[in-house]
Amino acid sequence: MTETNNPIPKPPLPEPIISQKKGISPIWLLPFIALLIGGWIIYKGIRDAGVEITIRFDSGSGIIAGKTEVLFRGLKAGVVKKVVINDDLSAVDVKVEMDAKTESLLRENTQFWLVKPRISVAEVSGLETLVSGNYIAIKPGEGEARRHFTAQTEPPPVDDESGLQIRLQAKELGSLDRDSPVFYKKLIVGKVVDYNLAEDLKSVNIEVLIDEKYRHLVKKNSRFWNASGISFKGNLSGFKFRTESLASLIAGGIAFYTPDTEPQHSPVNDQDEFVLYEDFDAAEAGILARIRFKSGRDLIIGQTKVIFEGLTAGVVKDVSIMPDLQGVYADVLFDPRAEPALNESTQFWLVKPKIGIAGITGLDALIKGNYIAMRIGDPDASEPKREFTALNAPPPLPLDTPGRHLTLLSDELDSIDIGSSVYYKKIPVGTVKSYQLGKDKKQVEINVHIKPEYQHLVQSHSRFWHSSGVEISGGLSGLKVRTESMTAIFAGGISFYTPPIRRPKAVKNGAQFKIYDDYDAAHQIGYPITITFKHGDGLSQGTAIKYQGIQVGKVTKVKLIDQLSKVQVKVMLNPEAERLASKGTRFWVVKPELGLAKTAHLDTLVTGKYIEAAPAKGNPAKATAFKGLEEAPNKPAQSLAGFKVMLAAKRLGAVQVGNPVFYRDVQVGKVTGYRLSPKANEVYIEVTIKYKYAPLVRSNSKFWNTSGIGVDFSLFGGAKIKASTLESILEGGIAFATPNNNEMGKLASPKQYFTLHEEVDPKWLEWRPEIEIK
């Protein structure tokens, strides 16, 4: 097959047919569409354009242009566009472009505030901004439209949450702040929404919102307290910590409870007011009363409690000085349950430990601290009372308390104190409950309580005595020591005994008894008398009363009377000495006599002075008061049996009735009397020689005075001392001698007179006659 070079002719192209369209080309729609789109965009831009506002802050810290947003209910409502300092440099103006949709929120009362993280002891908030950054919060308000605002320094209270809104009044805000939680049984049931100073500027109003679902928990008698931080209280008995929760420990908080011991109250309404107590303890008490004390030294605010039968009835909340400066007021908050007891019959007194030589009282207060004791009277018969005066000491126990209630009367309190024991046979059977001065201001009234099981031991004739300390009596002849018990030595005490009698009588409550000074006085049964002396030298309590050398009583008390001019001695005579309590009985003080004239009663140097008694003769009338003699009465001349002779002397000298008469230093007789001679130129001394020795007296016998000591002194011979027996030197005496047998003479006649020589002739002492005696 071969190719040819001749082109093949092409058929002719047909002629185009041109037709003309009628109308506007669609292309012209494009500009229109573009116009519409542009218009819509413009409209949308105008419609969606933000609203620029200005918010003035104190500081621009934490606000960043283009980044810091304005949030409303958690959604973006605007963004900060610019931050500038205002013209007077006092603040910062923040330009914010708000979403157009929020324009309706921009009113006169709309509030803005900066939300940023806050971490402190009092508050933890805004932690979400640590991630998202600070933002400006908005709270819509009412009023005319506005574009300029001033930011709040703190978030405004939330008022759009449902719940119970109440107000608490407190002395101070403490660590509370907005959003501080409100606890009920440690469950958060509300929060603090606002606070402000009260109109009186003395307290703080705290606005609290309780969640709606918990509003029924708040009653009219609910009590709120500040649960912030830790409550720490303690004393020697222990320590107590209290806190509501860790959140309240850091951020503060409020807790409340409703006492279930009180009648149910109706629920509260919005805006009801309550007191915010300082702590839990304060919230527990509810009735305020006032007690007056002489001193506030032992009262501690918040710690000193009012105790009734071991239970806390109240606590001291405040102590203030009385306007007249005569004492202090203790304001006490009482448990509402104690309200019936707060009447005019209730008594209060302070209990505190007391340690001294007399003993220890209030030992429980040493452990748990001082407290105010409370005794409730008759709650039905007395009027309510809110102001009291504390007693200086515990009051006597009510007479209806089981046991025997007695009043003991004493001249002095001695070492008796409240709590001192009452002993019977050294067994403690009762206690001293109180004491006070009697109405006559002369005696002390001591109120004691005898336990029920021992009350039968007290009868109408029982005798009580002070048994405190150690009782020591006696003298040089011996000492007697007595004490009831070691407890009584330190703590004081009272003892009693009941002598057996045929018909004992029981006693009733309120019976009075005398307290004797000591054991001996209480056991002394006899006849009391009084003796008045000019002097009381040597007389004291316990001085013996003697008759014929036998003690018949003793002195119980010595005191000065008649403007200190006399001494009155109270004496208790023994029952067997009743005869001495008669008119005419003489009493005088026997004391030692030691001198050249006379020596007597030397035994009293050892045994002590005593009072001698001489009963009256006959059948005298009874008497209880006597006048003591200054010296012993003269004894009537005793008719001593014997051979009597008379001695004539120039003077009586130291010779006294009763002086011995010696023969060769052997006593053979006594001086039995003396008198002046008829012409008074001599003294006649009667001596009585025992019949046994009568043969020794002869007509030529020589008598001389042996009293005292004779001293002869010469220049060349020196001194020569002459003395007879020691007895004659001390007491005086007479001696005689008889010549030898061939010179003695005949037997002396009765009442024959002899000369009493003043001194002995030495040759008389050489006589040695032999005379037979029987």
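Rules used throughout
- Residues numbered from 1 in each chain as written.
- Predicted model: local features only at pLDDT ≥ 70, side-chain atom pairs only at ≥ 80, totals over all residues.
- Heavy atoms only, no water.
- Helix = DSSP H or I, 4+ residues; strand = E, 2+ residues; numbered from the N terminus.
- Buried < 20%, exposed > 50% of the residue type's maximum accessible area, 1.4 Å probe, protein only.
- Areas by Shrake-Rupley, 256 points an atom, 1.4 Å probe, with all protein chains shown as cover.
- Phe/Tyr/Trp six-rings, centres within 6.5 Å; stacked < 30°, edge-to-face > 60°.
- Lys NZ or Arg CZ within 6 Å of the ring centre and 35° of its normal.
- Salt bridge = Lys/Arg side-chain N within 4 Å of Asp/Glu carboxyl O.
- Polar contact = N/O pair within 3.5 Å; in protein donor to acceptor, adjacent residues only side chain to side chain.
- Contact = heavy atoms within 4.5 Å.
- Pairing = 2+ DSSP bridges.
- Axes fitted to C-alpha atoms, helices over the stretch in contact; angles between N-to-C directions.
- pLDDT = per-residue confidence, 0-100.
- Core = buried A, V, L, I, M, F, W, Y, C linked by side-chain atoms within 4.5 Å.

What follows deals with the overall build of the protein. Counting secondary structure elements, the protein contains nine helices and 54 strands. Considering the protein as a whole, with its 774 residues, one finds that 40% of them fall into the buried category. A total of about 47,000 Å² of accessible surface is found on the protein, and carbon and sulfur atoms cover 55% of it.

Attention shifts here to the packing of aromatic side chains. The description of two aromatic rings rests on the distance between their centres and on the angle between their planes. A full pass over the atoms with the stated rule returns 19 aromatic pairs. Here the aromatic cluster, defined as three or more aromatic residues joined through ring pairs, consists of Tyr184, Phe224, Phe256 and Phe274. Directly above the ring of tyrosine 329 sits arginine 290, whose terminal nitrogen or CZ lies 4.2 Å from the centroid. Geometry around tyrosine 610 places lysine 546 over its ring, the cationic atom sitting 4.4 Å from the centre.

The tally for this structure, following the rule as stated, stands at 15 salt bridges. When the shortest N-O distance is used, the salt bridge between arginine 167 and glutamate 273 registers 3.8 Å. Taken together, the positions of arginine 167 in strand β10 (residues 163-170) and glutamate 273 in strand β18 (residues 273-277) put the pair 106 residues apart, joining distant regions of the chain. Here glutamate 758 makes a salt bridge to arginine 651, at a shortest N to O gap of 3.3 Å. Here glutamate 758, found in the segment after β54 (753-757), pairs with arginine 651, found in the loop between β46 (643-649) and β47 (660-663); they are 107 residues apart in sequence, far enough to count as distant. Judged by relative accessible area, glutamate 758 falls into the exposed class, the value being 55%. Classification of arginine 651 as exposed rests on a relative accessible area of 54%. One salt-bridge network, held together by shared partners, links Arg167, Glu207 and Glu273.

Now for the side chain of threonine 258. Structurally, threonine 258 can be placed in the loop between β17 (254-257) and β18. From its side chain, threonine 258 meets the backbone oxygen of leucine 217 in a polar contact 3.4 Å long. Among all residues touching threonine 258, those that are not within four sequence positions of it are Leu217, Lys219, Asn221 and Ser222.

The subject of this paragraph is the sheet that holds strand β37 (residues 527-533). Taking strand neighbours across the sheet as the criterion, the seven strands line up as β41-β44-β38-β39-β40-β37-β45 in an open arrangement whose pairing is mixed. What marks the edges here is a single partner per strand, and that holds for β41 (586-590) and β45 (625-627). Adjacent strand axes in the sheet meet at a mean angle of 30 degrees when their direction is disregarded. As paired strands, strand β38 (residues 544-547) and strand β44 (residues 610-614) are joined by two bridges and run parallel to one another. What sits directly across from isoleucine 545, in β44, is isoleucine 611.

The next subject is the confidence of the model for the protein. The predicted model of the protein has a mean per-residue pLDDT of 79, with 80% of residues at 70 or higher. This model gives residues 234-239 a pLDDT under 50, and the stretch forms 10 contacts once residues within four places in sequence are excluded. In this model residues 715-719 is a low-confidence stretch, pLDDT under 50, and it forms four contacts with partners more than four residues away in sequence or in other chains.

A word on the pairing of strand β26 (residues 371-375). Burial of β26 is extensive: five of the five residues sit out of reach of the surface. Of the two faces of β26, the one lined by Tyr371, Ala373 and Arg375 and the one lined by Ile372 and Met374 are each fully buried. Direction of pairing for strand β20 (residues 305-308) relative to β26: parallel, over a ladder of three bridges. Looking across to β26, one finds that isoleucine 307 is bridged to alanine 373. The sheet contact formed by strand β23 (residues 347-351) and β26 spans five bridges and is antiparallel. Directly across from phenylalanine 348, in β26, lies its bridge partner methionine 374.

Spatial ordering of the closed barrel is given by β46-β49-β48-β47-β53-β50-β54, a layout of seven strands whose pairing is mixed. Across the sheet, the mean angle from the axis of one strand to that of its neighbour is 35 degrees, orientation sign disregarded. For β47 and strand β48 (residues 666-676), the ladder comprises four bridges, and the chain directions are antiparallel. By the bridge assignment, phenylalanine 662 is partnered in β48 with glutamine 667.

As for its position among the elements, phenylalanine 183 is in strand β11 (residues 181-184). Taking relative accessible area as the criterion, phenylalanine 183 reaches 2% and is therefore assigned buried. Spatially, the C-alpha atom of phenylalanine 183 lies 9.0 Å from that of tyrosine 257, the residues being 74 residues apart in sequence.

Our next topic: the nonpolar core. Counting residues in each nonpolar core, the largest one holds 26 residues, and the members touching the most others are Ile685, Val697, Phe703, Ile734 and Phe736. Contributions of two or more residues to this core are made by β46, β47, β48, β49 (683-689), β53 (734-737) and β54. In contact with valine 697, other than residues within four places in its own chain, are Phe643, Val645, Ile689, Phe703, Phe736, Leu747, Ala748 and Phe754. Counting 22 residues, the second largest nonpolar core, distinct from the first, contains Leu168, Leu176, Val204 and Ile254.

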